[in-house]
Amino acid sequence: MVKACWKPSVEGDGGVGRGGGDPRGRVDGLMWYKDLGVHANGEFSMGTIQANNLMEDQSQLESGPLSSLESGPYGTFVGVYDGHGGPETSRFVNNTLFSNLKKFATEHQEISADVIRKAFLTTEEEFLSLVKQQWFEKPQLASVGTCCLAGVICSGLLYIANAGDSRVVLGRAEKAARGVTAIQLSMEHNTSNESVRDELRSLHPEDSQIVLLKHKVWRVKGIIQVSRSIGDAYLKRAEFNQAPLLAKFRLPESFSKPILSAEPSIFIHRLTSKDQFLIFGSDGLWEHLSNQEAVDIVHNQPRNGIARRLIKAALRVAAKKREMRYSDLKKIERGVRRHFHDDITVVVVFLDPYSMNRSSSHSPILSIRGGGQPASPKR
């Protein structure tokens, strides 16, 4: 029953015969993993570990056409969606964001920052429309949201778009250093960062309580740490900050403009031969590993199974913080496990400089989901 819940969806493979030969990935207790596969621009490794009663992290890797045009852009898309309040929004984004990206890439006949931004905001509007449709049957949907981190590799360019506090780190080989240097490419919208608190105060000058320090943790309105997300309708539209939504979720006062935003921060980087790999991770990973620690693990260990190794390294740190052994932490059931660590998602994308100009006809076509539910039919 648990395995059925964890089974990812794959179209094509590109990874058959690699990492154990299972194109769908494998399950080991609360962990799902795909040890090694091939994407349009190199190889990849994926892994997830569940801590919550319901898995709130979702993720995907799509390789091949990035639009519906035969002559359109080809490349690799990576998405990491760290849900909060429930799994519904992250699942929705996992089934919707890439379809929206392809739609706008088809219209614009290219991949661009504007295409990615439109995909984010359209996915947001579609989820808020779903909240409105189900308002009286499932009002709790208004309190569910997700961080959203996406990366697109296309024509030698890397696009990173982020709303929330997941993170992508680049491993770059530097002549001056024997190893690989960690370079963070995403901006995190978390109120633990002073710049994020300053941004919120400037956007809401009339609200002296837009950020509050509660139990030594900064939160938006004393509720949530992230300032940007998809979903969280009750903090974006006043119509959802009322009954039938339970009182425990509602703000005591109404508001005239959205408190949270779905606007992504977008970064564009031209890839070079020095750029070795990318580590996409939900904040559950970075809570326990520094950027450089994660990069060193990837650089010094075999590619096959590297996502699993990163997760295990994070869990060992989590266990040590609680003066436990890793073997004892592994025995703790989901739900209770959340007291020790968060759901963790990792996607490691290795970059092959020779594949950047590879013709589309030789590019592997792959669609793989990690984290817990089959994909909906492609729109």
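Residues numbered from 1 in each chain as written. Predicted model: local features only at pLDDT ≥ 70, side-chain atom pairs only at ≥ 80, totals over all residues. Heavy atoms only, no water.

Chemist: Where do I start with the packing of helix 2 (residues 88-108) against helix 3 (residues 113-133) in this structure?
Modeler: When two helices pack together, their arrangement is captured by the angle between the axes and the distance separating the axes. With their axes 8 Å apart at the nearest point, helix 2 and helix 3 run at an angle of 135° to one another. By the angle between their axes, helix 2 is oblique relative to helix 3. In terms of crossing hand, the pair formed by helix 2 and helix 3 is right-handed. From helix 2, Glu88, Thr89, Phe92, Val93, Thr96, Leu97, Asn100, Leu101, Lys103, Phe104, Ala105 and His108 reach across to helix 3, where they touch Asp114, Val115, Ile116, Lys118, Ala119, Phe120, Thr122, Thr123, Glu126, Phe127 and Leu130. Among the residues making up the contact of helix 2 with helix 3, the classes are represented as twelve nonpolar, six polar and five charged. (Axes fitted to C-alpha atoms, helices over the stretch in contact; angles between N-to-C directions. Helix = DSSP H or I, 4+ residues; strand = E, 2+ residues; numbered from the N terminus. Parallel < 35°, antiparallel > 145°, perpendicular 65-115°, else oblique. Left-handed = near helix turned anticlockwise from the far one by under 90°. Contact = heavy atoms within 4.5 Å. Nonpolar A, V, L, I, M, F, W, Y, C, P; charged D, E, K, R; others polar.)

Chemist: What should I look at first to understand the environment of Thr96 in this one?
Modeler: Along the polypeptide, Thr96 turns up in helix 2. According to the relative accessible area criterion, Thr96 is buried, its value standing at 6%. A polar atom in the side chain of Thr96 sits 2.7 Å from the backbone oxygen of Phe92. (Buried < 20%, exposed > 50% of the residue type's maximum accessible area, 1.4 Å probe, protein only. Polar contact = N/O pair within 3.5 Å; in protein donor to acceptor, adjacent residues only side chain to side chain.)

Chemist: Before we go on, may I ask you to explain the environment of Arg197 in this structure?
Modeler: Relative to the elements of secondary structure, Arg197 occurs in helix 4 (residues 194-203). Along the backbone, Arg197 and Val211 are 14 residues apart, and their C-alpha atoms lie at a distance of 6.6 Å. Once you skip the residues sitting within four places of it in the chain, Arg197 turns out to touch Thr191, Ser192, Val211 and Trp218.

Chemist: Quick question: what am I supposed to make of the packing of helix 6 (residues 291-300) against helix 7 (residues 306-321) here?
Modeler: Interaxial distance between helix 6 and helix 7 falls to 10 Å at its minimum, and their mutual angle equals 140°. Judged by the angle between their axes, helix 6 and helix 7 are oblique. Here helix 6 runs over helix 7; the crossing is right-handed. In this structure, helix 6 uses Ala294, Ile297 and Val298 to contact helix 7, whose residues at the interface are Ile306, Leu310 and Ala313. Here the contact of helix 6 with helix 7 is composed, by residue class, of six nonpolar, no polar and no charged.

Chemist: Sorry, what's going on with the state of the cysteines here?
Modeler: In a disulfide, the sulfur atoms of two cysteines are covalently bonded to one another. Enumeration according to the criterion identifies zero disulfides in this entry. With no disulfide of its own, Cys148 lies closest to Cys147 among cysteine sulfurs, the gap being 8.8 Å. (Disulfide = S-S within 2.5 Å.)

Chemist: Explanation requested: the side chain of Asn241 in the structure shown.
Modeler: Residue position: Asn241 is located in the loop between strand 13 (230-231) and strand 14 (265-270). A distance of 3.2 Å separates the side chain of Asn241 from the backbone oxygen of Glu253, its partner in a polar contact. Not counting residues up to four positions away in its chain, the partners in contact with Asn241 are Tyr234, Arg250, Leu251, Glu253, Ser254 and Phe255.

Chemist: In this structure, what is going on with the pairing of strand 8 (residues 157-163)? I would like to understand it.
Modeler: Two faces, one strand: in a regular strand the side chains alternate between the faces of the sheet. Taken across its seven residues, strand 8 has seven buried, putting it largely inside the fold. Residue alternation in strand 8 divides its side chains into two sets, Leu157, Tyr159, Ala161 and Ala163 and Leu158, Ile160 and Asn162, and both sets are buried. Across seven bridges, strand 7 (residues 145-154) lies against strand 8 in antiparallel orientation. Paired with Gly151 across the bridge in strand 8 is Ile160. Counting the residues that bridge the hairpin from strand 7 to strand 8 gives two residues, and of these Ser155 lies at a positive phi of roughly 55°. Two elements, strand 8 and strand 14, share six bridges in a ladder whose sense is antiparallel. Looking across to strand 14, one finds that Ile160 is bridged to Phe267. (Pairing = 2+ DSSP bridges.)

Chemist: What am I meant to see in the environment of Ala163 here?
Modeler: Secondary-structure assignment places Ala163 in strand 8. Spatially, the C-alpha atoms of Ala163 and Ser186 are 9.3 Å apart, while their sequence positions differ by 23 residues.

Chemist: Help me understand the packing of aromatic side chains, please; the structure alone is not making it clear to me.
Modeler: The geometry of an aromatic ring pair is captured by two quantities: the separation of the ring centres and the angle between the planes. Evaluated as defined, the whole model comprises four aromatic pairs. With centroids separated by 5.3 Å and ring planes inclined at 65°, the aromatic side chains of Phe92 and Phe127 adopt a geometry described as edge-to-face. Of this pair, Phe92 sits in helix 2 while Phe127 sits in helix 3, placing them 35 residues apart in sequence. Judged by its relative accessible area of 18%, Phe92 falls in the buried class. Relative to Phe350, the ring of Phe277 lies with its centre 6.1 Å away and its plane at 65°, an arrangement referred to as edge-to-face. (Phe/Tyr/Trp six-rings, centres within 6.5 Å; stacked < 30°, edge-to-face > 60°.)

Chemist: Looking at this structure, I do not really get helix 3. What am I missing?
Modeler: Think of an α-helix as 3.6 residues a turn; residues three or four steps apart then line up on the same face. Its 21 residues place the ends of helix 3 30 Å apart at the C-alpha level, agreeing with the 30 Å of an ideal helix rising 1.5 Å per residue. Within the span of helix 3, buried status applies to Val115, Ile116, Ala119, Phe120, Thr122, Thr123, Glu124, Phe127, Leu128 and Val131. Turning to helix 3, the residues buried within the fold contact helix 2, strand 7, strand 8, strand 13 and strand 14. (Expected span 1.5 Å × (residues − 1).)

Chemist: It is not clear to me how the sheet that holds strand 3 (residues 31-39) should be interpreted in this structure. Could you clarify?
Modeler: What holds strands together in a sheet is hydrogen bonding between their backbones, with the strands either parallel or antiparallel. Read from one edge to the other, the open sheet built from seven strands follows the order 2-3-4-16-15-9-10, with strand pairing classed as antiparallel. Looking at the sheet topology across the chains shown, the edges are occupied by strand 2 (26-28) and strand 10 (180-184). Strand after strand, the sheet turns through a mean of 20° between neighbouring axes, direction not considered. Contacts from helix 6 reach strand 9 (167-173), strand 10, strand 15 (275-281) and strand 16 (344-350) within the one sheet, and its direction differs from that of strand 10 by about 135°. Strands strand 3, strand 4 (42-49), strand 15 and strand 16 of the sheet are contacted by helix 7, whose axis makes an angle of about 140° with strand 16.

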